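Okay, here's what each chain looks like letter by letter:
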Amino acid sequence: MAKAIEITDANFADVINSDKPVLVDFWAEWCGPCKMIGPVVEQLAGEYEGKAVVAKMDVDMNAQVPAQFGIRSIPTLMVFKNGKMVDKVIGAVPKAVLEQKLVAHLEHDHSKHE
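Position numbers for residues start from 1 in each chain and track the written sequence from start to end. Side-chain atom pairs in this predicted model are given and counted only at pLDDT of 80 or more, local residue features only at pLDDT of at least 70, and totals for whole chains, interfaces and linings cover all residues. Remark: hydrogens and water are excluded; side-chain values derive from all non-hydrogen atoms of the structure.

Draft legend 1. Structural context of the state of the cysteines. Any two cysteine sulfur atoms lying within 2.5 Å of each other are counted as a disulfide. The tally for this structure, following the rule as stated, stands at one disulfide. Between Cys-31 and Cys-34 runs a disulfide, and the two sulfur atoms are separated by 2.2 Å. Judged by the torsion about the S-S bond (80 degrees), the Cys-31/Cys-34 disulfide is right-handed. Both residues of the pair, Cys-31 and Cys-34, count as buried. Only protein chains enter the accessibility calculation, which uses a 1.4 Å probe; a residue whose area is less than 20% of its type maximum is buried, one above 50% is exposed, and one in between is partly exposed.

Laid out in structure tokens, this is it:
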């Protein structure tokens, strides 16, 4: 089962410039809601292996990227497509909400070419 990959300020750009949708969970060790959503993010990493990239960034260890996106509340989860942010959720939301946002960008690819 795939796990969410840990990303840093240094490799963030490489990770989000994927041809697959990328879900990034911005979190911190001390954040209660982050701990609630962490297992959900890991489940999505397993379920969408090969179709999407699921990543986590510790905002205490990496200041540059969270500052670039103006992240003030965590957890903040962003969906990127071809290096651009296409969706964002702030707070611990149900798995279905995150999944819906990720799937919207998976299906989007096919409908564009019809």
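Draft legend 2. Examining the nonpolar core more closely. We call a set of buried residues a nonpolar core when its members are Ala, Val, Leu, Ile, Met, Phe, Trp, Tyr or Cys and they connect through side-chain atoms within 4.5 Å of each other. The biggest cluster of nonpolar side chains holds 20 residues, and the ones touching the most others in it are Phe-12, Val-24, Phe-26 and Ile-74. Secondary structure is summarised from DSSP: a helix means a run of H or I of at least four residues, a strand means a run of E of at least two, and numbering begins at the N terminus for each. For this core, the secondary structure elements donating two or more residues are α1 (12–16), β2 (22–27), β3 (53–58) and β4 (76–81). Ranked by the residues each element gives to this core, the list is headed by β2, at four residues. Note on contacts: a residue pair qualifies if any of its non-hydrogen atoms lie within 4.5 Å across the two residues. Aside from chain neighbours lying at most four places away, what touches Ile-74 is Phe-26, Trp-27, Ala-28, Trp-30, Cys-31, Cys-34 and Val-59.

Draft legend 3. Up close: the pairing of strand β5 (residues 84–90). Two strands pair if DSSP finds at least two bridges between them. Note that β4 and β5 share six bridges and pair antiparallel. Note that in β5 the partner of Val-79 across the bridge is Asp-87. Two successive antiparallel strands, β4 and β5, enclose a turn made up of two residues, where Asn-82 displays a positive phi of approximately 50 degrees.

Draft legend 4. Structural detail: the packing of aromatic side chains. Here a Phe, Tyr or Trp ring, Trp counted by its six-membered ring, pairs with any other such ring whose centre lies within 6.5 Å, and the pair is stacked when the planes are under 30 degrees apart, edge-to-face when over 60, and tilted otherwise. Under the criterion given, the structure shown has four aromatic pairs. Summarising the aromatic geometry, the rings of Phe-12 and Phe-80 are spaced 5.5 Å apart at their centres and angled 85 degrees between planes, so their arrangement reads as edge-to-face. Taken together, the residues Phe-12 in helix α1 and Phe-80 in strand β4 connect sequence positions 68 residues apart. For Phe-80, a relative accessible area of 0% gives the class buried. When the centroid spacing of 5.5 Å and the interplanar angle of 75 degrees are considered together, the rings of Phe-69 and Phe-80 count as edge-to-face.

Draft legend 5. View of the sheet that holds strand β1 (residues 5–6). Spatially, five strands are ordered β1-β3-β2-β4-β5 in an open sheet, and the strand pairing comes out mixed. The open sheet is flanked by β1 and β5, the only strands paired with a single partner. As paired elements, β1 and β3 share two bridges and run parallel to each other. Following the sheet pairing, Glu-6 is matched in β3 by Lys-56. Note on definitions: angles span 0 to 180 degrees between N-to-C directions of axes, and those axes are lines fitted to C-alpha atoms, for helices only across the stretch in contact. Set on the sheet, helix α2 (residues 32–47) makes contact with β2, β3 and β4; between it and β3 the angle comes to about 150 degrees.

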